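Geometric and topological summary
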Amino acid sequence: MKTIEATNFIEQIINEDIEAGRIQAVQTRFPPEPNGYLHIGHVKSMLVNFGTAEKYGGKCNLFFDDTNPSKEKTEFVDAIRRDIEWMGYHWAKEVYASDYFDVIYDYAEKLISDGKAFVCDLSPEEISATRGTLTEPGKESPCRNRTPEENLELFRNMRAGKYADGEKCLRAKIDMASPNMNLRDPVIYRILRCTHHRTGDKWCIYPMYDYAHPICDYMQGVTHSLCTLEFEDHRPLYDWVGIHLGFDPKPRQIEFARLCVTNTVMSKRYLKKLVEEGFVHGWDDPRMPTIAGLRNRGVPPEALLDFCTRAGIVKANSECQYSYLESCIRDNLNENAERAMAVASPLLLTLKNCEGGETEAAVHPLKPELGTRKVRFGRALYIDRADFSDDPPPKYQRLRPDGYVRLKNIGIVRCDEVVRLGSGEISELKCTYFSEEEAAVAGIKAKGTVQWVDAETGVDAEIRQYGCLLNDAEYPGQDFGERMNRDSERIFSGKAEPYLAEAADGTPFQLMRMGYYKKCRGEGGGLVLSEIVSLKDSFNKSSGR
RNA sequence: UGGGGUGUCGCCAAGUGGUUAAGGCACCGGAUUUUGAUUCCGGCAUUCGUAAGUUCAAAUCUUGCCACCCCAGCCA
């Protein structure tokens, strides 16, 4: 097995393991807990786990960490699978922590027999109270010195359902005085009467993450268990389990920093709250930072992967600016998205001297081989309100009273009359049309070019809710995501207005930028929001556990 | 105040004792342009949290200090 050129510290470590002959092949696992949808933070984990395995010609399993049935659902399992597939990754095997419940249980009996674990009668409150503090050691449980025989019997009784939830638990016998809190006789099995989404009511005791994870990794032949930074001081416990259970070769845990994006909520806890309390339409609402939400906005998976790659895999906690993500999306879309015209905030424009017709528009200006498509237009069109100004700022290049502008792919237009409602609001622009030829002959030039939508055949559908009107009625039957993709050049081609929610401390948070912005210095775009969300309660920073 | 981590341009991030300290995002100029997009050219850290020390030579080694993050769930 050969080393590759390392592009991050994880690969450096793997290379060292290869050079030292510690591993024969790379095996990783992507380990979501099925308690919610995957979000953009998980993309980074996928990149690390699937990506690293791929690079080394190794394998990566999809591992569902389902050791806490009270939070997990099959619905999430299905959504997670779908999202990984959409991201373009393939897992070697699909495994569940629950697949190993029997093995995990047997290992617990082994630990007990070896005098490495004991059944504790203390209540959760008592355990908490005797754990000590960051600076003071904890107190040993009075049950700590029970004999293996006694512990074994008690543990079997736990499994048999002879005790109530919380009445007893199994603890690893490590060190109550350890400066590492995780090593102060951690609970490794709890009694929990809860129907598991896969094992049903077979078990009334469930293993804890810290104990089950190293076993599951070992059972899968995982060589490198890649996880986020907050598990760094769980590593000694991860290793403790492996050492005392005699795992050889023992998987190696390596931690990397989570992905953070400015003003973006990335905690499943809050995302769940948004869904459950109806702030959004669901986990796949286009405003959500979930993979499903991003998909519904028309964000290509490659752009997400590119973003995580460019942000880098490191150990330093950092927060990427949203504009970095947007840049990755724009780069991808510029290269791949087929073009369509769109208008966010429609303003009627009528052609006084033209019956309309049909024009050809390049499917993709960078890819002439994709040809053109026909776009029809009548004498009534919509342009964006931002593309007209009766009080134009300096250097304004678009339409103004008595001014000229080019309607993309049609010709040049002169604004002859501005029709207003009683309120003063502009309701219509009456224009004279000049074909490119006529304009050339007459010496008419237009500095700016604007997109337009045919008033009769333009479609809005769901798009309107999120602020856009698409030009072409020629994409029937496409779902929201595809439509957004058609339009995404426009959507992402400039700065987006943030979709804001107010936080308790005044910090603006956003679910996702949901915006449309005509590139124009000093002007905001016609963003239409379906609803404004106040998250005052949700984002209280001091939220306890 | 215990332990574990991390500190390189506004934001990411290369860098592993000898280079003028990569690159990307953002930003600022200027050119091309039927999307104020794209593309193109140019600008943007005498300095690497900080203070000493070692060395001919330090972002890279040593020591002290400072800042930030994580840990006291029978969550993951």
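To be clear, the structure that these remarks concern was listed above.
Residues numbered from 1 in each chain as written. Chains lettered and ligands numbered in written order. Predicted model: local features only at pLDDT ≥ 70, side-chain atom pairs only at ≥ 80, totals over all residues. Heavy atoms only, no water.

In terms of nonpolar packing, the biggest core is built from 49 residues, with I10, M46 and I84 touching the most fellow members. Ranked by residue count, the leading element in this core is helix α2 (residues 40-55), at seven residues. Both domains that meet at this core, namely domain 1 (23-256) and domain 2 (260-336), each give it at least three residues. Non-local contacts of M46, meaning those with residues more than four positions away in its chain, are made with F30, L38, G51, I84, M87, Y89 and I291. Residues F101, Y105, Y107 and L237 belong to the second largest nonpolar core, which totals 38 residues. (Core = buried A, V, L, I, M, F, W, Y, C linked by side-chain atoms within 4.5 Å. Buried < 20%, exposed > 50% of the residue type's maximum accessible area, 1.4 Å probe, protein only. Helix = DSSP H or I, 4+ residues; strand = E, 2+ residues; numbered from the N terminus. Domains from an automatic or database assignment. Contact = heavy atoms within 4.5 Å.)

Further remarks concern the pattern of salt bridges. A full pass over the atoms with the stated rule returns 35 salt bridges. Among the ionic pairs, D99 bridges to R198, the shortest N-O distance being 2.9 Å. With D99 in the loop between β3 (94-96) and α4 (101-113) and R198 in the loop between β6 (187-191) and β7 (205-207), this pair connects stretches of sequence that are 99 residues apart. Of the residues examined, R198 reaches a relative accessible area of 40% and is grouped as partly exposed. With its nearest N and O atoms 2.8 Å apart, the salt bridge here joins R406 to E436. Note that R406 is positioned in strand β15 (residues 404-407) and E436 in helix α13 (residues 436-442), a separation of 30 residues in sequence. What makes R406 partly exposed here is its relative accessible area of 24%. What emerges from the salt-bridge pattern is a single network uniting D121, R146, E150 and K168. (Salt bridge = Lys/Arg side-chain N within 4 Å of Asp/Glu carboxyl O.)

For the rest of this paragraph, the subject is helix α12 (residues 322-336). In this model α12 runs 21 Å from its N-terminal to its C-terminal C-alpha over 15 residues, within 8% of the 21 Å that 1.5 Å per residue would give. Where α12 is concerned, the buried positions are Y322, L325, E326, C328, I329, N332 and L333. Seen along its axis, α12 keeps its buried residues to an arc of 160°; they face one direction. (Expected span 1.5 Å × (residues − 1). Arc of directions from axis to C-beta.)

Okay, the sheet that holds strand β4 (residues 117-120) next. Think of a sheet as strands paired side by side through backbone hydrogen bonds, with each pair either parallel or antiparallel. Spatial ordering of the open sheet is given by β4-β5-β6-β7, a layout of four strands whose pairing is antiparallel. With partners counted over all chains shown, the strands left at the sheet margins are β4 and β7, one partner each. Taken over all neighbouring pairs, the strand axes of this sheet differ in orientation by 20° on average, direction set aside. Each of β4, β5 (169-172), β6 and β7 is contacted by helix α6 (residues 148-160), which is oriented at about 60° to β4, the strand it contacts most. (Pairing = 2+ DSSP bridges. Axes fitted to C-alpha atoms, helices over the stretch in contact; angles between N-to-C directions.)

Our focus in this paragraph is the sheet that holds strand β14 (residues 380-384). Ordered in space as β18-β15-β16-β17-β11-β14-β19, the seven strands form an open sheet in which the pairing is mixed. Of all strands in the sheet, those with a lone pairing partner are β18 (449-450) and β19 (453-454), marking the two edges. Inspection of the sheet shows strand β11 (residues 346-351) paired to strand β17 (residues 426-434) by four bridges, in the parallel sense. Residue L351 lies in a different strand from β17, and its bridge partner there is C431.

Overall, the coordinates contain 18 aromatic pairs when judged by the stated rule. Judged by centre distance (5.5 Å) and plane angle (75°), the rings of Y107 and F247 are edge-to-face. Separated by 140 residues along the polypeptide, Y107 in helix α4 and F247 in the loop between α8 (235-244) and β9 (252-256) bring together distant segments of the chain. Here Y107 matches F247 in class, with each residue buried. A ring pair is formed by F307 and Y324, whose centres lie 6.1 Å apart and whose planes are at 80°; its orientation type is edge-to-face. Taken together, the positions of F307 in helix α11 (residues 301-311) and Y324 in helix α12 put the pair 17 residues apart, joining distant regions of the chain. Overall, the relative accessible area of 31% leaves Y324 in the partly exposed class. For R159, the ring lying beneath its charged end belongs to Y105, and the centroid distance is 4.3 Å. Between the NZ or CZ atom of R198 and the centre of the ring of Y96, over which it lies, the distance is 3.5 Å. (Phe/Tyr/Trp six-rings, centres within 6.5 Å; stacked < 30°, edge-to-face > 60°. Lys NZ or Arg CZ within 6 Å of the ring centre and 35° of its normal.)

A few words now on the environment of T147. Note that T147 resides in the loop between α5 (124-129) and α6. In this structure the C-alpha to C-alpha distance between T147 and L122, which are 25 residues apart in sequence, comes to 17 Å. Of note is the side chain of T147, whose polar atom sits 3.1 Å from the backbone nitrogen of E150. (Polar contact = N/O pair within 3.5 Å; in protein donor to acceptor, adjacent residues only side chain to side chain.)

Before going further, it helps to examine the pairing of β5. Taking every second residue as pointing to the same face, both faces of β5 are buried, with C169 and R171 on one and L170 and A172 on the other. Note that β4 and β5 share four bridges and pair antiparallel. Directly across from A117, in β5, lies its bridge partner A172. Here β5 runs beside β6; their pairing, made up of three bridges, is antiparallel.

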